[in-house]
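Here's the letter readout for the chains.
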Amino acid sequence: MAQDPDSTPSLLDSLGEEIIRIVAPVSACMLLVVLLVSTLSSSTSPLSSLAAAAYSDPSSSSSAASIWDKLSGALLSSLVFIASVTLLTFLLVLLFYLRCTRFLKSYMAFSSFVVLAFLGGEILLLLVTHFSFPIDAITFSLLLLNFSVVGVMAVFMTKMPISVNQGYLVIIGVLVAYWFTLLPEWTTWALLVAMALYDLAAVLLPGGPLRLLVELAISRDEDIPALVYEARPVEPRPGARRRLWRERRDYGTNSGSNANPSSLGNMSPVTDERRDLGTNSSLNSNNSMTGEALPETRLVISEQESAGGSSRSELRAPLVQTQLDSRGEGEIEGIGLGSSGAIKLGLGDFIFYSVLVGRAAMYDFMTVYACYLAIIAGLGITLLLLAFYRKALPALPVSIMLGVFVYFLTRVLLEVFVVQCSTNLLMF
Amino acid sequence: MEGRGQHEEDEERRHLGGSGLILRRDAAGSGGGGGGGGDSDPSSHQWPTVDGPLGLSEEESVAYARRFFLWGFALLPLLWAVNCFYFWPVLRSRPSSSPSSFSRIRPYVLRSAIGFLVFAVLLSSWVLIFLIGGEHLFGPVWQDLVMYNLADRLGLAGWV
């Protein structure tokens, strides 16, 4: 079988397609959060939120508080949050180690239900009140019930259409991100930076909880019960078949273990999972193809091997091998290749990117555009680093650092410039 | 296009290989010689779910279709809608040309579709009556039923 002469451009095509399939939901999540923030932030006062009460810092009180007070308050709040996240992640590792999978899964289902029903209901209610939309209580509660029950089923329980599953994951990300934007300003920024650093530490340090979790999952060949967005696998190019990983365990883990602070009581931790890459035996190929959010192992399997070494597979093997080497695994923190070759991104990454952009939206749309571009650039860089290093890398740090940096630069420098130009009618 | 067909066929074979159906299907394919519509021809194999090769196999489809149909009765018409969406290829294929397995899935999906339509009609008529009729029709009860008043009264919107 002759090698397809346009296999080279199609490599780029499929790579681009895969990146699009991950960037699109991240962008959709950010867009929805920005929309929510811009419609609702005018109507809620920052002090009335439960989040503000839990993390009250001097910035929410008089503006006469000094910079130092605000900063120290914010740092303290974020430290508390990081500490609770670390504890919860270690707890998760312990439970996973003790094989309490059923408990973990039902807990995750419960927490998604709480997020969808209560937080989702809250936000819907705020929207209804804001627009004074005359919907009656019966319809509202019926719709909310449907929405949340089907959401829990889609995310955790049954096999559902992939689009429904992906849609609900994005919605959960939007809801949690919106809730985080209700925190006071300094706290949000401190929290973002702290989470990025925590992510870096937790994934790369040998004692980090996320790394432990991933290694445990890999060694047991199990799946971690968590909320992970999995993109649809891209169809392999004709003649190229699937990417195969033979006996290779590469892990891409993504960061983003978020646990809502336990002090709030009604919120339960939502943990994301990093994606792992692992090789699977050929018998599991059909599992891999289902592309579910909880695959047995994320590995691309040798289809050729499962087909019993037909002549086609022999011919294909060298093609695949070269692809394997040239493509890298595309595991980015949070992004990894699923067993079907799909990319996975943990929900925590969605959430924190959207929090950054949502917070930028509270200032002005100019910062939104700048931060969005910075985050997407950071995502691309992380992908590149992942392909280069081929091991688990955290997805948050690069994007968050770039985003925060760009936000402050825009506020301080760009805004003045653009406003001056616009008011003097100087366009460029 | 043919590459894609081959790819599908391969995927299907792999997929079916796992569920143990491959031998029968291949035998039927080679024995039937392509007769009988798309059923016996592996390159145009029809998947019961909208996800295609990534979705469910046919046995699982029957189980899932039934489960979604039954759970929909718990005041969950959205589940019926999801059922119809999920098994759209089953709904869309004509009974004569579809594989035999579809005929087991089809009754559940059809009934879910009917249930969802009925429910949607009822709900939308209620919503429209409520919206358009407003206070003229209902009197002061309208003010009690409308969501934003209820939220204010019960303080529901305050805890975020």
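Residues numbered from 1 in each chain as written. Chains lettered and ligands numbered in written order. Predicted model: local features only at pLDDT ≥ 70, side-chain atom pairs only at ≥ 80, totals over all residues. Heavy atoms only, no water.

## Some thoughts on the UniProt feature "transmembrane region" (unreviewed entry) in chain B
The residues that UniProt annotates with the feature "transmembrane region" (unreviewed entry) are residues 68-88 and 108-132 of chain B. For residues 108-132 of chain B, the helix share is 100%, the strand share is 0%, and the end-to-end C-alpha distance is 35 Å. (UniProt positions renumbered as here; feature names shortened; annotations may be inferred. Helix = DSSP H or I, 4+ residues; strand = E, 2+ residues; numbered from the N terminus.)

## Some thoughts on the nonpolar core
In this structure, Met160(A), Phe180(A), Tyr353(A), Ile400(A) and Phe87(B) are the most contacted members of the largest nonpolar core, which totals 102 residues. For this core, the leading source of residues is helix H6 (residues 162-181) of chain A, giving 12 residues. Tyr353(A) has contacts with Val26(A), Met30(A), Ile375(A), Leu379(A), Ala395(A), Leu396(A), Ser399(A) and Ile400(A), leaving out every residue within four places of it along the chain. (Core = buried A, V, L, I, M, F, W, Y, C linked by side-chain atoms within 4.5 Å. Buried < 20%, exposed > 50% of the residue type's maximum accessible area, 1.4 Å probe, protein only. Contact = heavy atoms within 4.5 Å.)

## A closer look at unusual backbone geometry
You will see that Ser132(A), though not glycine, has its phi angle at about 50°, which is positive. Inspection of the secondary structure assignment puts Ser132(A) in the loop between helix H4 (101-131) and helix H5 (137-157). Phi at Leu75(B) takes a positive value of approximately 60°, unusual for a residue other than glycine. As for its position among the elements, Leu75(B) is in the loop between helix H3 (58-71) and helix H4 (77-86).

## Details of a nonpolar patch on the surface
The grouping of Phe131(A), Phe133(A), Leu128(B), Leu131(B) and Ile132(B) at the surface amounts to a nonpolar patch, some 520 Å² of accessible area in total. In terms of residue count, the dominant contributor to the nonpolar patch is helix H6 (residues 102-138) of chain B (three residues). Here Ile132(B) lies in helix H6. (Patch = residues over 30% accessible without salt bridge, like charges linked within 9 Å, V, L, I, M, F, W, Y side chains within 5 Å. Areas by Shrake-Rupley, 256 points an atom, 1.4 Å probe, with all protein chains shown as cover. Salt bridge = Lys/Arg side-chain N within 4 Å of Asp/Glu carboxyl O.)

## Here we look at the environment of Phe140(A)
Note on placement: Phe140(A) falls in helix H5. Dropping the residues within four chain positions of it, Phe140(A) is found in contact with Gly121(A), Leu124(A), Leu125(A), Val128(A), Ile135(A) and Met147(B).

## Side note on H6(A)
Taking 1.5 Å per residue, 20 residues should reach 28 Å; H6(A) reaches 29 Å between its end C-alpha atoms and fits that length. Of all 20 residues making up H6(A), 17 are buried, and the element is well covered by its neighbours. (Expected span 1.5 Å × (residues − 1).)

## Points about the UniProt feature "transmembrane region" (unreviewed entry) in chain A
Residues and elements named next belong to chain A. Following the UniProt record, the feature "transmembrane region" (unreviewed entry) maps to residues 19-40, 75-98, 110-131, 137-156, 163-180, 186-205, 369-389 and 395-419 here. Helix makes up 100% of residues 19-40 and strand 0%. Its end C-alpha atoms lie 32 Å apart. This span, residues 75-98, is 96% helix and 0% strand, and a straight line between its end C-alpha atoms measures 34 Å.

## Concerning the state of the cysteines
Throughout the structure, instances matching the rule amount to zero disulfides over all chains. Not engaged in a disulfide, the cysteine Cys29(A) finds its nearest cysteine sulfur in Cys371(A); these two sulfurs lie 15 Å apart. (Disulfide = S-S within 2.5 Å.)

## Thoughts on the environment of Pro95(B)
All names here are of chain B. For Pro95, the position within the fold is in the loop between helix H5 (88-92) and H6. Classification of Pro95 as exposed rests on a relative accessible area of 63%. Separated by 43 residues in the primary sequence, Pro95 and Phe138 place their C-alpha atoms 47 Å from one another.

## Things to note about the packing of H5(A) against H6(A)
Packed helices, taken two at a time, are described by the angle between their axes plus the distance between the axes. Residues and elements named next belong to chain A. Axis separation between H5 and H6 bottoms out at 9 Å; the angle between their running directions is 110°. It follows that H5 is roughly perpendicular to H6 by the angle criterion. Every pair of crossing elements has a handedness; the one defined by H5 and H6 is left-handed. For the pair H5 and H6, contact is made by Phe147, Val150, Gly151, Ala154 and Val155 and by Val164, Asn165, Tyr168, Leu169, Ile171 and Ile172, respectively. Of the residues that constitute the contact of H5 with H6, the class distribution is nine nonpolar, two polar and no charged. (Axes fitted to C-alpha atoms, helices over the stretch in contact; angles between N-to-C directions. Parallel < 35°, antiparallel > 145°, perpendicular 65-115°, else oblique. Left-handed = near helix turned anticlockwise from the far one by under 90°. Nonpolar A, V, L, I, M, F, W, Y, C, P; charged D, E, K, R; others polar.)

## Looking at the side chain of Asn146(A)
Structurally, Asn146(A) can be placed in helix H5. Among the residues examined, Asn146(A) registers a relative accessible area of 4% and is labelled buried. If we ignore the near neighbours within four places in the chain, the residues touching Asn146(A) are Leu75(B), Leu76(B), Pro77(B) and Leu78(B).

## A short note on the packing of aromatic side chains
Evaluation of the coordinates by the stated rule reveals 17 aromatic pairs over all chains. Ring geometry for Trp179(A) against Phe180(A): centres 5.3 Å apart, planes inclined by 75°, an arrangement best described as edge-to-face. Take Phe180(A): its relative accessible area is 2%, and that puts it in the buried class. An aromatic cluster of three or more residues is present, and its members are Phe81(A), Trp179(A), Phe180(A) and Phe352(A). Stacked on the ring of Tyr363(A), the Lys or Arg Arg411(A) has its end atom at 3.9 Å from the ring centre. Taking the ring centre of Tyr64(B) as reference, the NZ or CZ of Arg67(B) above it sits at 4.8 Å. (Phe/Tyr/Trp six-rings, centres within 6.5 Å; stacked < 30°, edge-to-face > 60°. Lys NZ or Arg CZ within 6 Å of the ring centre and 35° of its normal.)

## Focus on the packing of helix H7 (residues 185-204) of chain A against helix H8 (residues 209-220) of chain A
Residue and element names in this part refer to chain A. Packing of H7 against H8 brings their axes to within 5 Å, and their N-to-C directions diverge by 40°. Classed by the angle they form, the pair H7 and H8 counts as oblique. Handedness of the H7/H8 crossing: right-handed. Residues Tyr198, Asp199, Ala202, Val203 and Leu204 of H7 form the contact with H8, whose participating residues are Pro209, Leu210 and Arg211. Classifying every residue of the contact of H7 with H8 gives six nonpolar, no polar and two charged.

## Comments concerning the pattern of salt bridges
All names here are of chain A. For the structure shown, the criterion picks out three salt bridges over all chains. The partner of Glu185 in a salt bridge is Arg411, and the shortest N-O contact between them spans 3.3 Å. With Glu185 in helix H7 and Arg411 in helix H14 (residues 396-423), this residue pair connects regions lying 226 residues apart in the sequence. Here Glu215 ties to Arg211 by a salt bridge, and the two come within 3.3 Å at their closest N and O atoms. Here Arg211 and Glu215 lie together in helix H8, a separation of four residues that amounts to about one turn.

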